[in-house]
Amino acid sequence: MSDKKASNQMWGGRFASGPAAIMEAINASISFDRKLYAQDIRGSIAHSEMLAQTGIISAADQEKIAHGLNTILTEIEAGTFEFSTRLEDIHMNVEARLAELIGPAAGRLHTARSRNDQVAVDLRLWVKDECFRVAEALKGLIAAFLERAEEHAATVMPGFTHMQAAQPVTFGHHCMAYVEMFSRDLSRVRDAIERMDESPLGAAALAGTSFPIDRHQTAKALGLREPMRNSLDSVSDRDFALEFLAIAAICATHLSRLAEEIIIWSTPQFGFVRLSDSFSTGSSIMPQKKNPDAAELVRGKTGRVTGHLVGLLIVMKGMPLTYGKDMQEDKESVFDAAETLDLMLAAMTGMVRDMTVNTAAMKRAAGAGYSTATDLADWLVRTLGLPFREAHHVTGRAVALAEEKKVRLDRLLLEDLQSIHPGITADVFSVLAVQNSVKSRTSFGGTAPSEVRKQVRYWKKRLAKA
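Below you will find a few notes about this structure. Here the structure is a predicted model, which is why all the values come from computation and not from measurement. (Residues numbered from 1 in each chain as written. Predicted model: local features only at pLDDT ≥ 70, side-chain atom pairs only at ≥ 80, totals over all residues. Heavy atoms only, no water.)

## Thoughts on unusual backbone geometry
Glycine aside, residues mostly have negative phi, and peptide bonds are mostly found in the trans state.
Stage number 1. Residue Leu321 is joined to Thr322 through a cis peptide bond whose omega torsion reads 10°.
Stage number 2. Tracing the sequence through the fold places Thr322 in the loop between helix H12 (293-317) and helix H13 (330-354).
Stage number 3. Non-glycine residue Glu88 carries a positive phi angle of around 70°.
Stage number 4. The residue Glu88 is located in the loop between helix H5 (59-78) and helix H6 (90-102) in this model.
Stage number 5. In this structure, Met163 takes a positive phi of about 60° despite not being glycine.
Stage number 6. Along the chain, Met163 falls in the loop between strand E1 (156-161) and strand E2 (164-170). (Helix = DSSP H or I, 4+ residues; strand = E, 2+ residues; numbered from the N terminus.)

Structure representation (structure tokens):
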């Protein structure tokens, strides 16, 4: 069968000739929706089984259809299947090949369905499968952070606000912040799976069908919880794709924030971490350079993922019910965002596992910038009973004096501190040391090593059950 003849037959008797080249180019989606081949064949087999079970087609025809579809699956996976742009999309390509393989019985497969519900179920199944892949990747990244957090529960480093040294924290505590962030991403993925776990198959073009189909049977066969309850919504809904892109964009943003920190930490000026050669590159002209290119690419690709979310939101915002060809624009954005996010997660997991932590550099930096000033203020409140605002003022004067003398707070003499407030005693130096500062932050979720280890134990248990 020629491509032109097949195209006309697929469109039916309404069209006397094939589409013009430009129309063919703008209309065809096979260059990207071929990714849906496994889901398309899976949906077609489930649909044919239901048609036979309900007596709409014969068991003999169903057997031929299933055998033909499995043959096509084998051909595609072996790379021998010939895709045609004249046949527009994955659905028509599969159906045309099915007709070549089994003859007239192939024409019965499309009974009681439309390409509208067919593509809706294909993409939904693909996105659901991708959500499971993302969930596993996130679990791997979280596990990597838990390992580093446990290893560095007591490794002090500066904590920052406004990128200025604020209070000392531990690197383990910093790692646990990302455990929390990526765990929320994981929960969003699982929530999305729950919402998308419905089948649009059987809604047909938009109004359902007069054939006595069993949509519950096809939903179950496809591993979906139940059929969608409104045929109009079934074919027009792309919330699941938007939600996946939103999850991907939020997760990519978290990855980008982490990448930015790794880029900063790996500079000679910070020297907090050193990336392995596996995730770095050199310079074509400067032999001393070791560039954090993997982290920079993660940071850069975040814009790409977020752009896909915005793009599909704009496509959908003007769409009346039910289906319009505009919705063909949903797939490339979803496919590329998924592929990009998978790569970003893999790269970041590798970086976190492989990077070397410079504990000495972190400790030096933790004591700089008068990072224990809040500890001094807290001591004044706790020991001398000063109102916090007065303690804040006294501490500010102490910081100014230390700055004038070009020393750290804990290097000021007792008489220097007493010149600011006579009630200060030598006991104050017990809180001005960085290690003592982090040990004292024992509030729930605080940076104290004991609290970090407690949170690591909690998340390890949760991850084991995930």
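On we go.
## Some details on the nonpolar core
As a rule of thumb, nonpolar side chains are buried together in soluble globular proteins.
Stage number 1. Within the largest apolar cluster, 97 residues are counted, with the highest numbers of intra-cluster contacts made by Val127, Phe145, Phe182, Leu255, Met348 and Met351.
Stage number 2. Top element by residues in this core is helix H11 (residues 239-265). It accounts for 16 residues.
Stage number 3. When sequence neighbours within four positions are dropped, the list of residues in contact with Met348 reads Leu141, Leu255, Leu258, Ala259, Ile262 and Val298.
Stage number 4. Within the second largest apolar cluster, 20 residues are counted, among which are Ala377, Val399, Leu417 and Val431. (Core = buried A, V, L, I, M, F, W, Y, C linked by side-chain atoms within 4.5 Å. Buried < 20%, exposed > 50% of the residue type's maximum accessible area, 1.4 Å probe, protein only. Contact = heavy atoms within 4.5 Å.)

## Some details on the packing of aromatic side chains
Two numbers describe a pair of aromatic rings. These are the distance of the centres and the angle of the planes.
Stage number 1. Going through the model one piece at a time under the given rule, you end up with nine aromatic pairs.
Stage number 2. With centroids separated by 6.2 Å and ring planes inclined at 50°, the aromatic side chains of Phe160 and Phe270 adopt a geometry described as tilted. In this pair, Phe160 sits in strand E1 while Phe270 sits in the loop between H11 and strand E5 (273-274), placing the two residues 110 residues apart along the sequence.
Stage number 3. Plain terms: the ring middles of Tyr178 and Phe182 are 6.1 Å apart, the flat faces sit at 25° to each other, and that makes the pair stacked. Note that Tyr178 and Phe182 are positioned in helix H8 (residues 171-196) at a spacing of four residues, about one turn of the helix.
Stage number 4. Among the aromatic residues, ring-to-ring pairing joins Phe145, Tyr178 and Phe182 into one connected group.
Stage number 5. The ring of Phe83 is capped by Arg34, whose NZ or CZ atom sits 4.2 Å from the centre of that ring.
Stage number 6. Above the plane of the ring of Phe335 lies Lys35, whose end atom (NZ or CZ) is 5.9 Å from the centre. (Phe/Tyr/Trp six-rings, centres within 6.5 Å; stacked < 30°, edge-to-face > 60°. Lys NZ or Arg CZ within 6 Å of the ring centre and 35° of its normal.)

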